[in-house]
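Summary of the model geometry
Listed below, chain by chain, are the residues.
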Protein chains: 2
Amino acid sequence: MNVEIAKYSGLCFGVKRALDITEHILKKYKNNNVKIYSLGQIIHNTGVVDKLLKKGLVIAADEAEITPGSVFIVRSHGMGPEILKRLKAKNIKIINATCPFVKKAQSKAKILSSKGYYLVIIGSKNHPEVIGIREHVKNKNSVIVIEDEKDIDVLRKNNRIGIVVQTTSTIEKFKLIVSKIIEKGKEILIENTICDTTKNRQNSTKELAKKVDVMIIVGGKNSANTAHLVEISKKYNPRTYYIENYKELNLDWVKGGKNVGISGGASTPLEDIFNVKKIIEKI
Amino acid sequence: MNVEIAKYSGLCFGVKRALDITEHILKKYKNNNVKIYSLGQIIHNTGVVDKLLKKGLVIAADEAEITPGSVFIVRSHGMGPEILKRLKAKNIKIINATCPFVKKAQSKAKILSSKGYYLVIIGSKNHPEVIGIREHVKNKNSVIVIEDEKDIDVLRKNNRIGIVVQTTSTIEKFKLIVSKIIEKGKEILIENTICDTTKNRQNSTKELAKKVDVMIIVGGKNSANTAHLVEISKKYNPRTYYIENYKELNLDWVKGGKNVGISGGASTPLEDIFNVKKIIEKI
């Protein structure tokens, strides 16, 4: 069987940076008695996070669990400033592994809101990145998260509307929602905070999906950007399958096909993709 | 035959204001030997303009024709600042009858451009309003008029794009074009300069078109906003006819129908609409 991997596969810049920072901190404090915490997964990939846990990282269930004198790593998706202030006040050292593109979205959101724009965040309401961006906005009464078209009805008319978008959103969704928001304001300032890596990865997945018989998308099930790749691939290739790793592969899927494409999310190591490739190539 | 006139018919605020100003000036200088000029039609309605010509207004064919010591009235659609400077320098008195909503669009365009945004004007390239807005932009190398989807390909990627729109554009076209521009910039500042009257008139025309057998749209053939009403009406009622005045009415159009709707552009006097109504009602 022929197998092709989508261009721009492998860890993205922000994910790789967060992992490097975490590895560095774990190594640095290895022989001291200092605990290293995160809240939630540093990146959305269970396999990768499991390795970090083995190296000593502790995922706290709750803020209260993090003990004074320990080190706290801010996940790649970012977090709000209040909790970090509280942790600092408890004598906890903060290491910020927020993706620089997410930081930019947080900062744009904060600035737009402080300039008096009613702030719209386009993204998944329960995604940590979106929750974190929202927490950076001081004026809590003038911010809304719009996840899909239905949410637009709730948005009232405002003279000035500012828009930021989850860094891993699809450009199609972004365009659709913005076009529906236009009627709601007189002045609309849009900060397109979708990161370039996301765009490139989405485009290369789309192109590959068009030309192969079967597409396999590899990535964490809670990874927003991987889910978007699945969504995009399905549009161009109904034989698209979403797996977390090679263990979930079902060889019946590729039956009758000649060419298989593989793509992976921003938090999917190339290794995971190669593992899937090796198995399919043998058929 | 039942005839219903669309809500929000009759002259819009800006057109009425331009006519009032012109009538006032014509009256004021009636007994002096002062010539009163305009360039192009003060408003886009031949019938109305003909009446002004009879009262003494002169439509100059060219800037050079306007003589020192005369009065020059800026049409409702506005004009660029350079020509007005030249006329002033020739000792010509300028009376500005530009619609205040057009003035706002001119000012927003100027501000966006001076703030460093690459300026996009959405509208008809050859319409005097759009030409005038463009002339208000100092940085001539960083402005483009986008009339339809095809023009978007010419727009290069820019970090910062500012958008204004012809005051009489349809919201549908505006939304469509903005959604296509989104990919071209990182920061996009949209000033929705479509005037409220335009929106109300378009909506009421749409609602009426849905419920009647035949729609008659009355207005100047060079009137952008009337042409948009025809476009909108046709979407909801294929039996839509566009006439300049009652003389163009063809009674075959309403045959077999029970209910006829009439709507008119922003520069169509209510009188013109009533004249059409009277004729159809008699059937």
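So, here is what we can say about the structure in this document. The structure presented is a predicted model; accordingly, all values stated were derived computationally and were not measured.

**Brief notes about the overall build of chain A**
Broken down by element type, chain A carries 9 helices and 12 strands. The C-alpha atoms of chain A give 20 Å as radius of gyration, which agrees with the globular expectation for 283 residues (19 Å, within 12%). Viewed in the frame of its principal axes, chain A has a C-alpha envelope of about 60 × 55 × 25 Å. Counting across all 283 residues of chain A, residues that qualify as buried make up 55%. The long-range share in chain A, meaning contacts at least 24 apart out of those at least 6 apart in sequence, stands at 72%. For chain A, the accessible area works out to roughly 13100 Å², and carbon and sulfur atoms hold 50% of it. If the 49 positive side-chain charges of chain A are averaged to one point and the 29 negative ones to another, these points end up 4 Å apart.

**A short note on the pattern of salt bridges**
Residue and element names in this part refer to chain A. Following the criterion strictly, the structure yields 30 salt bridges over all chains and no others. Between Glu248 and Lys221 there is a salt bridge, with its nearest N and O atoms 3.0 Å apart. Taken together, the residues span a long stretch of sequence, with Glu248 in the loop between strand S11 (240–243) and strand S12 (259–264) and Lys221 in the loop between strand S10 (214–218) and helix H8 (224–236) at a distance of 27 residues. Residue classification places Glu248 among the partly exposed positions, given a relative accessible area of 34%.

**As for the sheet that holds strand S9 (residues 185–191) of chain B**
Ordered by their spatial adjacency, 8 strands build an open sheet running S7(A)-S6(A)-S8(A)-S9(A)-S9(B)-S8(B)-S6(B)-S7(B), and the pairing between neighbours is mixed. Of all strands in the sheet, those bounded by a partner on one side alone are strand S7 (143–146) of chain A together with strand S7 (143–146) of chain B. Across the sheet, the mean angle separating the axes of adjacent strands is 20 degrees when strand polarity is ignored. Direction of pairing for strand S6 (residues 118–122) of chain A relative to S7 of chain A: parallel, over a ladder of 4 bridges. Opposite Leu119 of chain A, over in S7 of chain A, you have Val143 of chain A as the bridge partner.

**A short note on the environment of Lys184 of chain A**
Residue and element names in this part refer to chain A. In this fold, Lys184 is placed in the loop between helix H6 (171–181) and strand S9 (185–191). According to the relative accessible area criterion, Lys184 is buried, its value standing at 18%. With residues up to four places along the chain from it excluded, the contact list for Lys184 reads Ile152, Asp153, Leu155, Arg156, Lys157, Asn158 and Ile161.

**Section: the environment of Ile21 of chain A**
All names here are of chain A. Within the fold, Ile21 resides in helix H1 (residues 13–28). Along the sequence, Ile21 and Lys277 sit 256 residues apart, while their C-alpha atoms lie 29 Å from each other. Among residues more than four places away in sequence, those in contact with Ile21 are Ile95, Asn96 and Ala97.

**Points about the relation of the copies chain B and chain A**
Once turned by 180 degrees and shifted 0.0 Å along the axis, chain B lies on chain A with an RMSD of 0.0 Å. The superposition operator between the copies reduces to a two-fold rotation axis. In terms of proximity to the rotation axis, the leading residue of chain B is Leu189 of chain B, whose C-alpha is 2.1 Å off the axis. A share of 100% of interface residues in chain B that are also interface residues in chain A marks the association as one of identical surfaces.

**A look at the sheet that holds strand S2 (residues 36–39) of chain B**
Residue and element names in this part refer to chain B. The 4 strands are arranged S3-S2-S4-S5 in an open sheet whose pairing can be described as parallel. Looking at the sheet topology across the chains shown, the edges are occupied by strand S3 (57–60) and strand S5 (93–96). Averaged over all adjacent pairs, the angle separating strand axes in this sheet is 35 degrees, with direction ignored. With 4 bridges connecting them, strand S4 (residues 71–74) and S5 associate as parallel partners. In the strand pairing of S5, Phe72 is matched with Ile94.

**Let's talk about the interface of chain B and chain A**
With 19 residues of chain B in contact, the opposing surface of chain A contributes 19 residues. Buried area between chain B and chain A, summed over both chains or domains, comes out near 1700 Å², and the portion from carbon and sulfur atoms is 54%. For chain B, the biggest contributors to the area lost against chain A are Lys175, Ile182 and Lys186 of chain B; these three give 33% of the whole. Counting across the interface, chain B meets chain A through 2 salt bridges. Across the pair Lys175 of chain A and Glu183 of chain B runs a salt bridge whose closest N-O atoms are separated by 2.7 Å. At the junction of chain B and chain A, the tally comes to 6 residue pairs in polar contact (both at pLDDT 80 or more). Those elements giving two or more residues to the side of chain B that touches chain A turn out to be helix H6 (171–181), S9 and helix H7 (196–211) of chain B. At 7 residues, the largest contribution of residues to the side of chain B that touches chain A is made by S9 of chain B. Considered class by class, the residues forming the side of chain B that touches chain A number 9 nonpolar, 3 polar and 7 charged. Note: S9 of chain A against S9 of chain B, 5 bridges, orientation antiparallel. For Glu187 of chain A, the partnering residue across the bridge sits in S9 of chain B and is Glu191 of chain B.

**With respect to H6 of chain B**
By the burial criterion, the buried members of H6 of chain B are Ile171, Phe174, Lys175, Ile177, Val178, Ser179 and Ile181 of chain B. Those residues of H6 of chain B that are buried lie in contact with H6 of chain A together with strand S6 (118–122), S7, strand S8 (158–165), S9 and H7 of chain B.

**What about H7 of chain B?**
Note: α-helices contain 3.6 residues per turn, so residues at a spacing of three or four share the same orientation. Taking 1.5 Å per residue, 16 residues should reach 22 Å; H7 of chain B reaches 23 Å between its end C-alpha atoms and fits that length. Among the residues making up H7 of chain B, those that are buried are Thr198, Lys199, Arg201, Gln202, Ser204, Thr205, Leu208 and Ala209 of chain B. Packing partners of the buried residues in H7 of chain B comprise S9 of chain A together with strand S1 (2–5), H6, strand S10 (214–218), helix H8 (224–236) and strand S12 (259–264) of chain B.

**So, the nonpolar core**
Counting residues in hydrophobic clusters, the biggest one holds 38 residues, and the most contacted among them are Ile163 and Phe174 of chain A together with Ile163 and Phe174 of chain B. Among residues more than four places away in sequence, those in contact with Ile163 of chain B are Leu112, Val120, Ile122, Phe174, Val178, Ile181, Ile188, Leu189, Ile190 and Glu191 of chain B. Core analysis: the second largest hydrophobic core is formed by 26 residues, Val137 of chain A together with Ala105, Leu112 and Ile121 of chain B among them.

Criteria and cut-off values
Residues numbered from 1 in each chain as written. Chains lettered and ligands numbered in written order. Predicted model: local features only at pLDDT ≥ 70, side-chain atom pairs only at ≥ 80, totals over all residues. Heavy atoms only, no water. Helix = DSSP H or I, 4+ residues; strand = E, 2+ residues; numbered from the N terminus. Rg over C-alpha atoms; globule rule 2.2 N^0.38 Å. Buried < 20%, exposed > 50% of the residue type's maximum accessible area, 1.4 Å probe, protein only. Contact = heavy atoms within 4.5 Å. Areas by Shrake-Rupley, 256 points an atom, 1.4 Å probe, with all protein chains shown as cover. Lys, Arg positive; Asp, Glu negative; His and termini not counted. Charge placed at Lys NZ, Arg CZ, Asp CG, Glu CD. Salt bridge = Lys/Arg side-chain N within 4 Å of Asp/Glu carboxyl O. Pairing = 2+ DSSP bridges. Axes fitted to C-alpha atoms, helices over the stretch in contact; angles between N-to-C directions. Least-squares fit on C-alpha atoms with pLDDT ≥ 70 in both. Buried area = accessible area lost by both parts, 1.4 Å probe. Polar contact = N/O pair within 3.5 Å; in protein donor to acceptor, adjacent residues only side chain to side chain. Nonpolar A, V, L, I, M, F, W, Y, C, P; charged D, E, K, R; others polar. Expected span 1.5 Å × (residues − 1). Core = buried A, V, L, I, M, F, W, Y, C linked by side-chain atoms within 4.5 Å.

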